Amino acid sequence: LYLSVTALIEFIGGLQMTISNFTNGFEHDVSIRELAKTETTAGKNFYVGNRAALLKGEKGASDNNRGTYLQPFSTLDYAVSQCTAGRGDKIFVNAGYTQTVSAADAVDFDVAGITVIGLGNGTNRPTFTYSVAAGEIAIGADNVTVANMIFNASVTATLIGINIEDGVDYAKVIGCQFGVDADGTDEFNTTIALVNNNTGCEIVGNIFDAGVG
């Protein structure tokens, strides 16, 4: 999956216009005119969300749910564990989703070929807040795409925001925002780290805002 920044915006917009027409969400890709610029695959689609105000017919988030739009999983790492490597699975993280990153590998995208897309715009995008210096999100498998999410350091000297691990190839981080909760206090030492032997990785259209630091 390759998207320019413009295509990413069109892609997210198309998804938000269409997914609500499916009462229970959809597990497999379908042919939708608005998604003509994207690749369709035989992969499954999963949803993650933890918003308090539920939509009509929506079941509260739980990792015991089916992972559909109206029955979302509650944690992103669990959604990753339900994916199958190389199948082309996608995880949609619902608008308003929040998660505290309080440990290394708090989320590990360690299934090859998955695409993880945040829904929503601006501050309504899924937001990950790093509460300890060692907090970290990892990309631990090849061909993983992460798009349209917010990552905020909430302590001094957060070591790494997203860690593309040793030997992981063709990772993509697209249209995300890396920032801080408190200017002059909070910071990422490194927002995105490519460790070693990382072929074909792309970091496209992201915003890096360190406040006054």
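The coordinates are above.
Keep in mind that this is a model prediction, so the values were computed, not measured. Starting afresh in each chain, residues are numbered from 1 along the sequence in its written order. Per-residue local features are limited, in this predicted model, to residues with pLDDT of at least 70; the limit for side-chain atom pairs, both in listing and counting, is 80 or more; totals at the level of whole chains, interfaces and linings are taken over all residues. Here the side-chain values reflect all heavy atoms present in the structure, with hydrogen atoms and water set aside.

What about the pattern of salt bridges?
Oppositely charged side chains can pair when the atoms bearing their charge come close.
Argument step 1. A pair is scored as a salt bridge if a Lys or Arg side-chain nitrogen falls within 4 Å of a carboxyl oxygen belonging to Asp or Glu. The tally for this structure, following the rule as stated, stands at 2 salt bridges.
Argument step 2. Between Asp 89 and Arg 87 there is a salt bridge, and its shortest N-O distance comes to 2.8 Å.
Argument step 3. For every residue, the accessible area obtained with a 1.4 Å probe (protein chains only) is divided by the maximum for its type, and the residue is called buried under 20%, exposed over 50%, and partly exposed between those limits. For Asp 89, a relative accessible area of 0% translates into the label buried.
Argument step 4. A relative accessible area of 29% means that Arg 87 is categorised as partly exposed.
Argument step 5. Two residues, Lys 172 and Glu 202, come together in a salt bridge whose shortest N-O distance is 3.9 Å. Of this pair, Lys 172 sits in strand β11 (residues 172–174) while Glu 202 sits in strand β14 (residues 202–204), placing them 30 residues apart in sequence. Going along the chain from the N terminus, every DSSP run of H or I of four or more residues is numbered as a helix, and every run of E of two or more is numbered as a strand.

Points about the sheet that holds strand β4 (residues 107–109)
Argument step 1. Strand pairing requires that DSSP identify at least two bridges connecting the strands. With respect to topology, 4 strands assemble into an open sheet ordered β4-β7-β10-β13, the strand pairing being parallel. Whereas interior strands pair on both sides, the edge strands pair on one side only; in this sheet they are β4 and β13 (188–194). Each adjacent strand pair in this sheet contributes to an overall mean axis angle of 15°, direction not counted.
Argument step 2. In the sheet, strand β10 (residues 158–164) pairs with β13 via 5 bridges, with the strands oriented parallel. The residue bridging Thr 158 from the neighbouring strand is Phe 188, located in β13. Each axis is a line fitted through C-alpha atoms, taken for helices only over the stretch in contact, and angles between the N-to-C directions span 0 to 180 degrees.

A word on the nonpolar core
The nonpolar side chains of a soluble globular protein tend to be buried, and buried together.
Argument step 1. With 36 residues, the main nonpolar core has Leu 76, Ile 91, Phe 109, Ile 139 and Phe 151 as its most contacted residues.
Argument step 2. Contacts are assigned to residue pairs with any non-hydrogen atoms lying within 4.5 Å of each other. In this view, Leu 76 contacts Val 48, Ile 91, Val 93, Tyr 97, Gln 99, Val 107, Phe 109, Val 116 and Phe 128; residues no more than four positions away in its chain are not counted.
Argument step 3. Among buried residues, those of type Ala, Val, Leu, Ile, Met, Phe, Trp, Tyr and Cys that are joined through side-chain atoms within 4.5 Å constitute a nonpolar core. Within the second largest apolar cluster, 6 residues are counted, among which are Tyr 47, Leu 70, Phe 92 and Leu 119.

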